[in-house]
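Here is how the chains run, residue by residue.
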There are 2 protein chains.
Amino acid sequence: MTDEKQKSWQSVKEEALARIHSRRWKPGQLIPFEADLAEEFGCSRSTVNRALRALADEGLLDRRRKAGTRVPLYPARKATLSVPVIREDIIAKGYDYSYSLVSLEAEVPPTDVAVRLGWTAARQGLHIVGLHFANTSPYVIEDRWIDQNLADSSDVEAFSNLSPNEWLVTHVPFTAGTIAFSSLNADTQTARLLDCPSGAALFVIERTTRNNRRSITTVRLIFAPGYQIETSI
Amino acid sequence: MTDEKQKSWQSVKEEALARIHSRRWKPGQLIPFEADLAEEFGCSRSTVNRALRALADEGLLDRRRKAGTRVPLYPARKATLSVPVIREDIIAKGYDYSYSLVSLEAEVPPTDVAVRLGWTAARQGLHIVGLHFANTSPYVIEDRWIDQNLADSSDVEAFSNLSPNEWLVTHVPFTAGTIAFSSLNADTQTARLLDCPSGAALFVIERTTRNNRRSITTVRLIFAPGYQIETSI
């Protein structure tokens with residue numbers, strides 16, 4: 001794709017955005033057909049399509065296959081968050097990275113974890129708890145369960161100095177999953193690991209990863225106080 | 001675009017994904033040129049382009065204009081979050097929605113708010129605190145500052161029963177902004193408003209909205225305990 005073409009769909013996007021903002025295209029109403037817009041703007045229909053798709057991806061247009069494209073009455077803005085490997089995140093912030101294994105056990109997960117993994121019968125999983133440091137400060141607890149079939153004994157040995165977060169990235173392909181953001185009060189053990197007051201408000205990311213519909217791992221990342229995720233919308 | 005074309009770029013995407021997962025395309029390495037892939041798959045180059053763009057949007061490929069397309073060494077997965085209007089969010093969860101104004105003042109913002117808004121000189125803003133309910137339970141505190149030039153006296157009157165969240169959506173176009181997710185411990189006043197124990201861990205969204213580079217509003221949404229945002233990746 002040439003620079004000219006790229007400019008073209010972006011300028012169509014800007015013009016469409018200006019019409020949404022000026023209410024020439026009103027909330028709740030259908031906008032003109034792509035073919036008509038292409039003629040008006042003097043560009044190809046695929047350029048219009050690309051521009052409108054970009055606006056739909058941002059939640060500023062509502063595209064339905066047969067019902068056409070509308071300006072939504074209440075636009076739900078979409079924010080894209082980058083979910084980095086923990087080590088990369090810490091290094092990108094200018095800190096030295098280190099990792100320490102807290103515990104590693106083969107055990108039957110508690111009910112909430114079994115539900116997240118979709119395990120109906122009681123079975124053992126590999127339960128790994130590790131601590132990631134930024135310089136000498138605890139940054140995040142990684143509390144992870146892995147399907148035992150994925151790791152052989154040499155892998156298990158590797159976990160003494162390699163975080164499962166990194167092991168998974170390089171050893172297990174993953175196709176889809178869910179991610180949830182929430183908060184919790186530090187209990188005694190969490191407070192001790194993160195070196196923070198008991199009861200402190202902590203930011204939590206829970207992530208469950210599937211490969212071809214089979215849940216392979218679920219992790220709870222519990223961040224030290226003050227952590228925040230920021231992105232633009 | 002016809003159904004057949006859509007199927008086509010998606011099947012190219014699946015084949016590319018399979019090559020990433022099987023490590024036929026290795027982490028850190030360049031993948032073949034789009035033209036060569038188009039020939040191999042027997043499809044147009046724009047179909048290959050669309051498929052690779054989709055994978056890049058998900059963080060599974062790293063596309064650089066001149067350096068070509070690589071499989072990233074450590075893929076940062078991207079998650080898209082929908083940021084809905086609060087009322088729509090509460091209704092979508094099956095609750096009755098109501099709103100109550102807590103306070104409305106014209107005042108000079110504290111430093112952290114002035115910084116978020118990019119206001120260098122001390123000036124008054126409209127400070128509105130409101131409470132959104134799901135059925136009869138407090139759901140979220142909306143603590144918002146608005147550029148005073150945006151609201152006339154009739155608007156200000158409207159805020160007695162219309163949340164600024166909704167007023168903004170329908171009255172002020174917005175083009176860009178930042179959004180941050182974090183957590184905090186409830187202070188006494190917050191705990192009283194949300195009807196929760198003082199010190200409870202609360203989920204917080206901070207959002208600053210610009211229109212043509214001018215900051216027009218910043219809001220802190222403080223959710224009642226138990227709130228979480230979930231999405232798929």
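In case you missed it, the structure is sitting above this.
A brief report on the enclosed structure follows. Just so it is clear, the structure is predicted and the values come from calculations on it, not from any experiment. (Residues numbered from 1 in each chain as written. Chains lettered and ligands numbered in written order. Predicted model: local features only at pLDDT ≥ 70, side-chain atom pairs only at ≥ 80, totals over all residues. Heavy atoms only, no water.)

Here we take up the pairing of strand 8 (residues 201-211) of chain B. Residues and elements named next belong to chain B. A large share of strand 8 lies buried, amounting to nine of its 11 residues. As judged from the 10 bridges shared by strand 7 (residues 176-185) and strand 8, these two strands associate in the antiparallel manner. By the bridge assignment for strand 8, Phe181 is matched with Ile205. Alignment of strand 8 against strand 9 (residues 214-223), held across eight bridges, turns out to be antiparallel. Bridge pairing in strand 9 links Arg207 to Val219. (Buried < 20%, exposed > 50% of the residue type's maximum accessible area, 1.4 Å probe, protein only. Helix = DSSP H or I, 4+ residues; strand = E, 2+ residues; numbered from the N terminus. Pairing = 2+ DSSP bridges.)

Mapped onto the elements of the fold, Arg144(A) is located in strand 6 (residues 137-146). Polar side-chain contacts of Arg144(A) include one of 2.8 Å to the side chain of Glu142(A). (Polar contact = N/O pair within 3.5 Å; in protein donor to acceptor, adjacent residues only side chain to side chain.)

Residues and elements named next belong to chain A. Evaluated as defined, the whole model comprises 24 salt bridges over all chains. Note that Glu34 and Arg63 form a salt bridge whose closest N and O atoms lie 3.1 Å from each other. Here Glu34, found in helix 2 (residues 34-41), pairs with Arg63, found in strand 1 (residues 62-64); they are 29 residues apart in sequence, far enough to count as distant. Residue Glu34 is classed as buried on the basis of its relative accessible area of 14%. For Arg63, a relative accessible area of 29% corresponds to the partly exposed category. (Salt bridge = Lys/Arg side-chain N within 4 Å of Asp/Glu carboxyl O.)

Next up on the list: the packing of aromatic side chains. Applying the stated criterion across every chain yields a total of 14 aromatic pairs over all chains. A centroid spacing of 5.8 Å and a plane angle of 45° characterise the contact between Phe203(B) and Tyr227(B), whose relative ring orientation is tilted. Here Phe203(B) is found in strand 8, whereas its partner Tyr227(B) is found in the loop between strand 9 and strand 10 (229-232), with 24 residues between them in sequence. For Phe203(B), a relative accessible area of 1% puts it in the buried group. Members of the aromatic cluster, joined through ring pairs, are Tyr139(A), Phe181(A), Phe203(A), Phe223(A), Tyr227(A), Tyr139(B), Phe181(B), Phe203(B), Phe223(B) and Tyr227(B). The ring centre of Trp119(A) lies 4.0 Å from the NZ or CZ of Arg123(A), which sits over that ring. (Phe/Tyr/Trp six-rings, centres within 6.5 Å; stacked < 30°, edge-to-face > 60°. Lys NZ or Arg CZ within 6 Å of the ring centre and 35° of its normal.)

Another aspect to go through is unusual backbone geometry. Residue and element names in this part refer to chain B. In this structure, Asn135 is a non-glycine residue whose phi angle is positive, near 50°. Relative to the helices and strands, Asn135 is located in the loop between strand 5 (125-134) and strand 6 (137-146). For Asn135, a relative accessible area of 37% puts it in the partly exposed group. For Asp195, which is not glycine, the phi torsion reads 55° and is therefore positive.

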